[in-house]
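This is what each chain is made of:
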Amino acid sequence: GQQVQQSPASLVLQEGENAELQCNFSTSLNSMQWFYQRPGGSLVSLFYNPSGTKHSGRLTSTTVIKERRSSLHISSSQTTDSGTYLCALERSGGSNYKLTFGKGTLLTVTP
Amino acid sequence: AQTIHQWPVAEIKAVGSPLSLGCTIKGKSSPNLYWYWQATGGTLQQLFYSITVGQVESVVQLNLSASRPKDDQFILSTEKLLLSHSGFYLCAWSLGGNERLFFGHGTKLSVL
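This report concerns the structure included in the present document. (Residues numbered from 1 in each chain as written. Chains lettered and ligands numbered in written order. Predicted model: local features only at pLDDT ≥ 70, side-chain atom pairs only at ≥ 80, totals over all residues. Heavy atoms only, no water.)

**What about the overall build of chain B?**
Item 1. Each helix and strand counted, chain B has zero helices and eleven strands in total.
Item 2. Reading the secondary structure of chain B in the N-to-C direction produces β-β-β-β-β-β-β-β-β-β-β.
Item 3. Radius of gyration (C-alpha) of chain B: 13 Å, near the 13 Å computed for a compact globule of 112 residues.
Item 4. Taking all 112 residues of chain B together, the buried fraction comes to 45%. (Helix = DSSP H or I, 4+ residues; strand = E, 2+ residues; numbered from the N terminus. Rg over C-alpha atoms; globule rule 2.2 N^0.38 Å. Buried < 20%, exposed > 50% of the residue type's maximum accessible area, 1.4 Å probe, protein only.)

**Observations concerning the pattern of salt bridges**
Residues and elements named next belong to chain B.
Item 1. For the coordinates displayed, the defined rule picks out four salt bridges over all chains.
Item 2. The residue Asp-71 makes a salt bridge to Arg-68 at a minimum N-O spacing of 3.3 Å.
Item 3. On the basis of relative accessibility, which here comes to 26%, the residue Asp-71 falls in the partly exposed class. (Salt bridge = Lys/Arg side-chain N within 4 Å of Asp/Glu carboxyl O.)

**Re the interface of chain B and chain A**
Item 1. Opposite the 22 residues of chain B that make contact, chain A presents 24 residues.
Item 2. Of the roughly 1,700 Å² buried where chain B meets chain A, counting both sides, 55% is carbon and sulfur surface.
Item 3. For the chain B face of the interface with chain A, the top three residues by lost area are Thr-43, Asn-98 and Arg-100 of chain B, together amounting to 32%.
Item 4. Between chain B and chain A we count six residue pairs in polar contact (both at pLDDT 80 or more) in total.
Item 5. Looking at the side of chain B that touches chain A, the elements that each hand over two or more residues are β4 (32-38), β5 (45-52), β9 (87-94) and β10 (102-103) of chain B.
Item 6. The biggest single contributor to the side of chain B that touches chain A is β4 of chain B, with four residues.
Item 7. When its residues are assigned to classes, the side of chain B that touches chain A shows eleven nonpolar, nine polar and two charged. (Contact = heavy atoms within 4.5 Å. Buried area = accessible area lost by both parts, 1.4 Å probe. Polar contact = N/O pair within 3.5 Å; in protein donor to acceptor, adjacent residues only side chain to side chain. Nonpolar A, V, L, I, M, F, W, Y, C, P; charged D, E, K, R; others polar.)

**Some words on the state of the cysteines**
In protein chemistry, a disulfide is the covalent bond that joins the sulfur atoms of two cysteines.
Item 1. One pass over the structure, following the stated rule, counts two disulfides over all chains.
Item 2. The partner cysteine of Cys-23 of chain A in its disulfide is Cys-87 of chain A, sulfur to sulfur 2.0 Å. In this structure, the disulfide formed by Cys-23 of chain A and Cys-87 of chain A twists by about 75 degrees around the S-S bond and is classed as right-handed. A residue pair is termed long-range when its members are at least 10 positions apart, and Cys-23 of chain A in strand β3 (residues 19-25) and Cys-87 of chain A in strand β9 (residues 83-91) qualify at 64 residues.
Item 3. Given the relative accessible area of 0%, Cys-23 of chain A is considered buried.
Item 4. Across a sulfur-sulfur distance of 1.9 Å, Cys-23 of chain B and Cys-91 of chain B are joined as a disulfide pair. Judged by the sign of its S-S torsion, about -75 degrees, the cystine formed by Cys-23 of chain B and Cys-91 of chain B is left-handed. Of the two residues, Cys-23 of chain B is situated in strand β3 (residues 19-26) and Cys-91 of chain B in strand β9; the sequence distance between them amounts to 68 residues. (Disulfide = S-S within 2.5 Å.)

**Let's talk about the sheet that holds strand β1 (residues 4-7) of chain A**
Residues and elements named next belong to chain A.
Item 1. Strand order in this open sheet of five strands is β1-β3-β8-β7-β6, and the pairing throughout is antiparallel. Unpaired on one side and paired on the other, β1 and β6 (52-56) mark the two borders of the sheet. Ignoring strand direction, the axes of neighbouring strands in this sheet form an average angle of 15 degrees.
Item 2. Bridge analysis of β1 against β3 gives four bridges, and the strand direction is antiparallel. Paired with Val-4 across the strands is Phe-25, a residue of β3. (Pairing = 2+ DSSP bridges. Axes fitted to C-alpha atoms, helices over the stretch in contact; angles between N-to-C directions.)

**Quick look at the pairing of β9 of chain A**
Residue and element names in this part refer to chain A.
Item 1. Burial runs high along β9: eight of the nine residues are buried.
Item 2. Of the pairings in the sheet, the one linking strand β4 (residues 29-37) to β9 comprises eight bridges and is antiparallel in character. Residue Phe-35 lies in a different strand from β9, and its bridge partner there is Leu-86.
Item 3. Pairing of β9 with strand β11 (residues 105-110) involves three bridges; the strand directions are antiparallel. When the sheet's bridge partners are listed, Tyr-85 is paired in β11 with Thr-105.

This is a description of form; function is not addressed.
Encoded structure:
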């Protein structure tokens, strides 16, 4: 089965609203990362967060290993936040050099 | 600061023709290097990784090969392209295993 599941698949917000993106995984992990994929396809690293909570501007990432989930919170969304958000995990016990990606959440922020 | 450069930005190629995509990392010695592929609308899949010059490990078999001729260079190639090779190819680097991953801007490949 799929090791990394992201929800929702897509989300539409009005500018200023908050978003909560989820990433659930079915295996124990060494690390969890969040990326933003621009409409043109390039990826931006948002968080390297194997456990706990991390903040960066309007973004917050929380990984709870025991519950096998990670979340990305976007506060006060802006139209420039539109794009696809991807989580990726490095499985414990597997290769230290392989990341498994989720299918992503497509976020659209309207003015 | 580290920079990662991929070339070309886009390619349109015929089925059966050869392909070579390149990736160069500057500002970091002995990085781990990776190739990823994403079909249109699909999930990112890791193709290859390399932890040192001359050594490349395959993760997914897609009738592609990779080489690392220099510490800062990673090449993805094939002698005969298939229609299924179309998609977006991304090169990435990290300091080591289990470390944050940084991506290049990618190459869009269309095989006709």
